[in-house]
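Below are the chains, spelled out letter by letter.
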2 protein chains.
Amino acid sequence: MPDTTAGVTSAHGSGDGHEATEILAAARECVDPELRRAVDSLPGSLRRVARYHFGWEGADGAPTAGNAGKAIRPALVLAAVRALGGEPATAVRAAAAVELIHNFTLLHDDVMDRDTTRRHRPTAWTVFGDADAILVGDALQALAQRLVAEDTHPAAPAAAARLARCVVELCAGQHADCALERRGPDEVTLDECLAMAEAKTGALLGCACAIGALYAGGGPEEVEALDGFGREAGLAFQLIDDVIGIWGDPGRTGKPAGADLAVRKKSLPVVAALASGTPAAVELAELYGAPPGSPPGSPPGDDTGEGEGELERAARAVERAGGRDWAQGHAADRMSRAIGQLARAVPDPEAAGGLLALAEFVTRRTH
Amino acid sequence: MPDTTAGVTSAHGSGDGHEATEILAAARECVDPELRRAVDSLPGSLRRVARYHFGWEGADGAPTAGNAGKAIRPALVLAAVRALGGEPATAVRAAAAVELIHNFTLLHDDVMDRDTTRRHRPTAWTVFGDADAILVGDALQALAQRLVAEDTHPAAPAAAARLARCVVELCAGQHADCALERRGPDEVTLDECLAMAEAKTGALLGCACAIGALYAGGGPEEVEALDGFGREAGLAFQLIDDVIGIWGDPGRTGKPAGADLAVRKKSLPVVAALASGTPAAVELAELYGAPPGSPPGSPPGDDTGEGEGELERAARAVERAGGRDWAQGHAADRMSRAIGQLARAVPDPEAAGGLLALAEFVTRRTH
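The structure presented is a predicted model; accordingly, all values stated were derived computationally and were not measured.

S.K.: Before we move on, could you go through the relation of the copies chain B and chain A and cite the residues and values that matter?
M.R.: Aligned on chain A, chain B shows an RMSD of 0.0 Å; the corresponding rotation is 180 degrees and the shift along the axis is 0.0 Å. Both copies are brought into coincidence by an operation consistent with a two-fold rotation axis. Of the residues that chain B buries at the interface, 100% are likewise interface residues in chain A, meaning the two copies contact each other through the same surface.

Put into structure tokens, the structure is as follows:
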């Protein structure tokens, strides 16, 4: 199994991820009924696609064991409430809303990116078609806003506005991602990719923490510091996700080995490698210049396919160019900035423990 | 010019549509700055597509004279506030939010339906691609919710919840529309098509009126009666829209003559005609059974195209089967139900005048 540990340790984290696993399981148990109630309120035609997407049903409508993802975002909402001395039970609807927003973006991103696998299963658009995946994504965004609008908690309107602003940022991030993917490997800077990752991933993790702060009655400084914490942890999360996208174990990730390389994805380790000025960068640029499915140097239209050896060569080039080390180092860097923001909002290490454990968990995971 | 008058008259309506034209112009003037401010708050990449969609810019970013649609929905919001004795100025953000929701659905529907023309111009997806049209639609939904969430009016949370529930209904309506279009012409009932039209069109017109009632401080009965008014008027609106889709003047509609027939759209007059049990229904079913672009009886794959005569033959078949008369009669019927709902909420004819003029306008229009 590849080692994707970012090398971050902290006096307050449990280190082995046990605490985070428990927090995640508790959050899922807490939020799941609210989430299922929301999804089951959809008209039948849309409900079926949504229940499939969440992993609760097969394509035929039969119940499945379910693998609705790690529920990191709702766990962050609830942990942020707790960190600021609030009552997490008051924020369960808001936490479910954040998870609905996340899943709306997954459904739409998969359509745009033509991704065929999500959580070890065929993506919704491959099963139900583009129109259904678009419509159910639209409906999940609306459901999220409905949950918060119907919430009588005094923080609800501010949370709703924040969530809406976050969706605009997520859309801008996905737009930047699509635009970057259309450009050549030498036309993309690392700064652009980091900004894109902050909008696409950091924004919603920051928003989750900020909404938790709002529900705990936190002031503007606490809310912004927790937003910053979530954003920085989100960047670390994305960096590790990109490492897993190249070196992750297919049995655990649910994606083929080197999946990101196969589609020439300009993930952060790849772009860092391309920018390294090393001989390995030149090799990688050549590989990425060739159309997917063609070994470099073969004429266009030659669809003999690339063997696993080809992807391994690309992975080694990223590694030799320093892309993997950079990504893990930068993830550690972002984690330390996250810890700084967290300390600003929650000086008591005991109170901050849950958020910290979650942030460390996502930078230590291997799938 | 074809006569699409539904034949509805009322003691309270101005009859010639002059009052409605003035109400629409005033609403547009009132809501436009809020709408532009919201759209201009989008990040540049998304803003450009949104400004194109609203008709404020060309594909090259140059300003255009603009044709952002008739603004019927925001006008209904403001007219409903006025009808219940409220102050329309307090509901301008909510009115802009309703218009943003409408435009989000247009962007996404055009992607799903592969429609290439909207408001006399190429649709956004044909200019910017599917991904941009999907993302900007997503962002417009979020902007709408942001406007309402940031509104301090006491009715804002109820309006936000109502708008979110309406979006789910719009999605279900579009889903039903896509599903109906995939079925054979003899596998679709008129009741299904009417239910689809209520969800796809009636729901948002009802929601616009209900939100106006909320902002005027109306009670539950008034809110529901105005929702019912908007829904019934929305059905009338859709019926007339379908008539225009077959017999409308291309120079005024911005769509080719018989556009709905050319794509074998199962619009309400067509489905009514198919269900008529007349010889013309049999002829129409044959025409609709043939793949688009092929004259009936020609072998599949024969793409010699269908002349205008072919579409004229289909239009005549719908007319002879009674589809046009039924649509206009049913529109009048829905309008009278709408007037009944309106009288329930607003017994004073003077106060109800604005809403009535708008409803009559949309059932009298010819483009």
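S.K.: Run through the interface of chain B and chain A, naming residues and quoting values.
M.R.: Each side of the interface is counted separately: chain B has 32 residues, and chain A has 32 residues. For the pairing of chain B and chain A, the buried interface totals around 2,800 Å² over both sides, and the portion due to carbon and sulfur atoms is 75%. For the chain B face of the interface with chain A, the top three residues by lost area are Leu 135, Val 168 and His 175 of chain B, together amounting to 20%. Between Arg 165 of chain B and Glu 150 of chain A there is a salt bridge, and its shortest N-O distance comes to 2.8 Å. Between the two partners, chain B and chain A, sit 10 residue pairs in polar contact (both at pLDDT 80 or more). Among the secondary structure elements, those contributing two or more residues to the side of chain B that touches chain A are α2 (44-53), α4 (92-113), α6 (130-149) and α7 (156-182) of chain B. Take the side of chain B that touches chain A: its biggest share by element is 12 residues, from α7 of chain B. A breakdown of the residues in the side of chain B that touches chain A according to their chemical character gives 21 nonpolar, 6 polar and 5 charged.

S.K.: Quick one: what's the story with the side chain of His 108 of chain A, residue by residue and with numbers?
M.R.: By secondary structure assignment, the location of His 108 of chain A is in helix α4 (residues 92-113). We classify His 108 of chain A as buried; its relative accessible area is 1%. At a separation of 2.7 Å, a polar atom in the side chain of His 108 of chain A contacts the side chain of Asp 138 of chain B. Ignoring anything within four residues of it in the chain, the contact list for His 108 of chain A reads Ala 133, Ile 134, Gly 137 and Asp 138 of chain A together with His 108, Ile 134 and Asp 138 of chain B.

Quick notes on the rules
- Residues numbered from 1 in each chain as written.
- Chains lettered and ligands numbered in written order.
- Predicted model: local features only at pLDDT ≥ 70, side-chain atom pairs only at ≥ 80, totals over all residues.
- Heavy atoms only, no water.
- Least-squares fit on C-alpha atoms with pLDDT ≥ 70 in both.
- Contact = heavy atoms within 4.5 Å.
- Buried area = accessible area lost by both parts, 1.4 Å probe.
- Salt bridge = Lys/Arg side-chain N within 4 Å of Asp/Glu carboxyl O.
- Polar contact = N/O pair within 3.5 Å; in protein donor to acceptor, adjacent residues only side chain to side chain.
- Helix = DSSP H or I, 4+ residues; strand = E, 2+ residues; numbered from the N terminus.
- Nonpolar A, V, L, I, M, F, W, Y, C, P; charged D, E, K, R; others polar.
- Buried < 20%, exposed > 50% of the residue type's maximum accessible area, 1.4 Å probe, protein only.

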